[in-house]
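# Residue-level structure breakdown
Single-letter residue listing:
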Amino acid sequence: MRQNPSFVLSDVGEIRRLIEQNPWVTLVSSTDAGLVASHYAVLLDAERDDLTIVGHVGKPDDLIHQLGERELLVVVQGPHGYVSPGWYGDVQSVPTWNFISAHLTGIPELLTPEENLEVLERLVTRFESGMPQPRMMWEPPNDPEFVRRLEKGTAGFRLTPTRVVGKRKLSQNKPDEVVETVILELEAGASPYADPRLPAEMRRDLETRKAAR
């Protein structure tokens, strides 16, 4: 990921927030057969306060990725969207794309079946809790035999990254009044290629930078 000092995201708390709010990630491995990529949900490790994540892959993705044997790149993508040069006023400018993302790299540790079950239960609980009628992993009509059979079809992992690259590009290189205009345009739905959460992220970033002056 191309780095610009103005857009570096290195704060662990902010990257944790990014992961927490954007759990659907891309897993990339360089294997004997070439590059492979998969998409899965991950969670922050509940026992750690760093950037360690836990998750699982469905078999045979563990073999395809050679999970536990090679570096794994985890791409976390936050809110993003197209920004039109027309929003900058009557000045020379080009289009851009605002975004927040982080790359976590390291060799994952494979989980035991019991650890994997705990992670699977946490994943289900995390995403079912917001449903009108939550159905948790161990609840009927599921029975223990079904759940344990389900676990055997997956491989759990824990990744403590040895390399982290984060980037938050939210028009920080523009004057405050221009940023405000971009936010208003995004809030009005002027960009058909924008995550609806992007203007809120931009406003949060702008207010944080104002308070630090």
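So, here is what we can say about the structure in this document.

Here is what the cut-offs are and how they apply
Residues numbered from 1 in each chain as written. Predicted model: local features only at pLDDT ≥ 70, side-chain atom pairs only at ≥ 80, totals over all residues. Heavy atoms only, no water. Helix = DSSP H or I, 4+ residues; strand = E, 2+ residues; numbered from the N terminus. Buried < 20%, exposed > 50% of the residue type's maximum accessible area, 1.4 Å probe, protein only. Contact = heavy atoms within 4.5 Å. Areas by Shrake-Rupley, 256 points an atom, 1.4 Å probe, with all protein chains shown as cover. Lys, Arg positive; Asp, Glu negative; His and termini not counted. Charge placed at Lys NZ, Arg CZ, Asp CG, Glu CD. Salt bridge = Lys/Arg side-chain N within 4 Å of Asp/Glu carboxyl O. Expected span 1.5 Å × (residues − 1). Arc of directions from axis to C-beta. Phe/Tyr/Trp six-rings, centres within 6.5 Å; stacked < 30°, edge-to-face > 60°. Lys NZ or Arg CZ within 6 Å of the ring centre and 35° of its normal.

### Quick look at the overall build of the chain
Across its full length, the chain holds six helices and eight strands. Written out in order from the N terminus, the α and β elements of the chain read α-β-β-β-α-β-β-β-α-α-β-β-α-α. Structurally, the chain occupies a C-alpha span of about 65 × 45 × 30 Å along its principal axes. In the chain, which comprises 213 residues, the share counted as buried stands at 43%. Taking the intrachain contacts of the chain between residues at least 6 apart in sequence as the baseline, contacts between residues at least 24 apart amount to 72%. Entry remark: accessible area of the chain is about 11600 Å², with carbon and sulfur atoms responsible for 54%. Here the chain contributes 24 positive and 32 negative side-chain charges, whose respective centroids are spaced 4 Å apart.

### Digging into the pattern of salt bridges
In total, this model carries 19 salt bridges according to the counting rule given. Residues D45 and R158 are paired through a salt bridge, measuring 2.9 Å at the closest nitrogen-oxygen approach. With D45 in the loop between β2 (34-44) and β3 (53-58) and R158 in strand β7 (residues 154-159), this pair connects stretches of sequence that are 113 residues apart. In this structure, D45 and R158 share a single accessibility class: buried. A salt bridge links R209 to D205, with the shortest nitrogen-to-oxygen separation between them at 2.9 Å. Separated by four residues within a single helix, R209 and D205 lie in helix α6 (residues 198-211), roughly one turn from each other. Each of E14, R17, R168, E201, R204, D205 and R209 takes part in a single network of salt bridges with overlapping partners.

### Details of α6
In this model α6 runs 20 Å from its N-terminal to its C-terminal C-alpha over 14 residues, within 8% of the 20 Å that 1.5 Å per residue would give. Among the residues of α6, those classed as buried are L198, P199, E201, M202, D205 and L206. In a view along the axis of α6, the buried residues occupy a sector of 160°, so they form one face of it. Pointing more than 90 degrees away from the buried face of α6 are the exposed residues A200 and A211.

### Examining the packing of aromatic side chains
Tallied over the full model, the rule gives two aromatic pairs. Judged by centre distance (5.8 Å) and plane angle (65°), the rings of Y82 and W97 are edge-to-face. Of this pair, Y82 sits in strand β4 (residues 72-83) while W97 sits in strand β5 (residues 96-106), placing them 15 residues apart in sequence. According to the relative accessible area criterion, Y82 is partly exposed, its value standing at 26%. Ring centres of Y82 and Y193 lie 6.4 Å apart, and the angle between their planes is 85°; on these two criteria the pair is classed as edge-to-face. Taken together, the residues Y82 in strand β4 and Y193 in the loop between α5 (176-187) and α6 connect sequence positions 111 residues apart. Just above the ring of F7 sits the side chain of K169; from NZ or CZ to the centre is 5.8 Å. When the ring centre of Y88 is taken as reference, the NZ or CZ atom of K174 above it lies at 4.3 Å.

Purely geometric numbers; function is a separate question.
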